[in-house]
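Working through the structure, step by step
These are the residues of each chain, in order.
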Amino acid sequence: AQNSRNGQQSMDGDANSDLFLRAFVDKSKVYVGEQLVVTFKIYTKVSIVQNALTKAPVFNGFWSVDIVSPNQQATLRPEVFDGVQYQAAEIKKTVIMPQRAGSLEITEMVMDVVKRVQQRSRSNSFFDQFFGGGYQDLRTTVKSKPLKIEVMPLPTAGKPVDFNGAVGDFGMECRLSNTNKTLKTNDATNLYITLSGKGNLKLIDPFKLKLPPEIEGYDAKISDKISTTTAGVSGSRTFDYLLIPRHSGKYELP
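The sections below set out a description of the structure shown in this document.

Bringing the overall build of the protein into the picture now. Each helix and strand counted, the protein has one helix and 17 strands in total. For the protein, buried positions account for 35% of its 254 residues. Long-range contacts, defined as pairs at least 24 residues apart, comprise 74% of the intrachain contacts of the protein with a sequence gap of at least 6. For the protein, the exposed area adds up to about 15000 Å²; of that, 47% sits on carbon and sulfur atoms.

Set out below in structure tokens:
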């Protein structure tokens, strides 16, 4: 027996209900440019008939890229939270990197959900008593709680004078397109500088080359091989500089 009705409820993101939305981060204290992961997860003890995102979280002061977005199909899996068994699903998972120091806030996510709950029958009918009286559909607003992130400035001790914003664990490779390193006057070559590893690769600016005056240099072209997973952002960013020697001689690139 099934009986459908519509009601309206509102819940804040805590575990004191049969349905709630929770936001959490893997760390809440980071340096400028250091990456962290924020996850928005829904927990339920009841069937969800339909759901829709009504307010997306805002990441003011952060660079961000989604790993899991609300447009993707969420999969419910059993999970124990605060000692209670739920079905849980990740609604949104995002890698974020703070761009300034201070106390930054991740705003709440709000969802409109229709949940199906069992309705206890008041009838004396044996049929209704046996089957529990059917079900009721309730329209519910759930929202996560805002999160505060403490962002520390990068240390000044030991900071390179030509620091260009790279925060992470990187290696560097430099090479010229002509491997014999010999050119004729006014012939062009390409200098490739590749940073690879894990960190804020998409936010790293081109290096300012300190070229001899006899070598003409052009702005770098950027090419990326970058992936974003639950482990964060990793891969490589390559800066391609076109160089043209205008006079003969032997020159050193710093």
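Next comes the rest of the account.
Take the sheet that holds strand 9 (residues 102-106) next. With mixed pairing, the three strands of this open sheet are ordered in space as 3-12-9. Whereas interior strands pair on both sides, the edge strands pair on one side only; in this sheet they are strand 3 (29-31) and strand 9. For this sheet, the mean inter-axis angle between neighbouring strands, taken without regard to orientation, is 35°. Pairing of strand 3 with strand 12 (residues 147-152), which is carried by three bridges, proceeds in the parallel orientation. Looking across to strand 12, one finds that K29 is bridged to E150.

Turning our eyes to something else, we now look at the packing of aromatic side chains. Evaluated as defined, the whole model comprises six aromatic pairs. Consider the rings of Y43 and Y86, whose centres lie 5.9 Å apart with planes at 80°: the pair is edge-to-face. Here Y86 lies in strand 8 (residues 84-98) and Y43 lies in strand 4 (residues 36-44), a separation of 43 residues in the sequence. Like Y43, the residue Y86 is buried in the burial classification. Pairing F207 with F239 gives two aromatic rings, centres 5.6 Å apart and planes at 85°, and the pair type is edge-to-face. Highlighted residues: F207 in the loop between strand 14 (189-199) and strand 15 (215-217) and F239 in strand 17 (residues 232-245), separated in sequence by 32 residues. Its relative accessible area of 21% is what places F207 among the partly exposed residues. A residue is classified by how much of its surface remains accessible, and F239, at 0% relative accessible area, is buried.

On to the pairing of strand 8, then. Among the 15 residues that make up strand 8, 11 are buried, leaving the element largely enclosed by the rest of the structure. Sheet analysis places strand 6 (residues 62-68) next to strand 8, joined by six bridges and oriented antiparallel. Across the sheet, the residue bridging to W63 is M97, located in strand 8. For strand 7 (residues 77-81) and strand 8, the ladder comprises five bridges, and the chain directions are antiparallel. Bridge pairing in strand 8 links V80 to Q85.

What counts, and where the lines are drawn
- Residues numbered from 1 in each chain as written.
- Predicted model: local features only at pLDDT ≥ 70, side-chain atom pairs only at ≥ 80, totals over all residues.
- Heavy atoms only, no water.
- Helix = DSSP H or I, 4+ residues; strand = E, 2+ residues; numbered from the N terminus.
- Buried < 20%, exposed > 50% of the residue type's maximum accessible area, 1.4 Å probe, protein only.
- Contact = heavy atoms within 4.5 Å.
- Areas by Shrake-Rupley, 256 points an atom, 1.4 Å probe, with all protein chains shown as cover.
- Pairing = 2+ DSSP bridges.
- Axes fitted to C-alpha atoms, helices over the stretch in contact; angles between N-to-C directions.
- Phe/Tyr/Trp six-rings, centres within 6.5 Å; stacked < 30°, edge-to-face > 60°.

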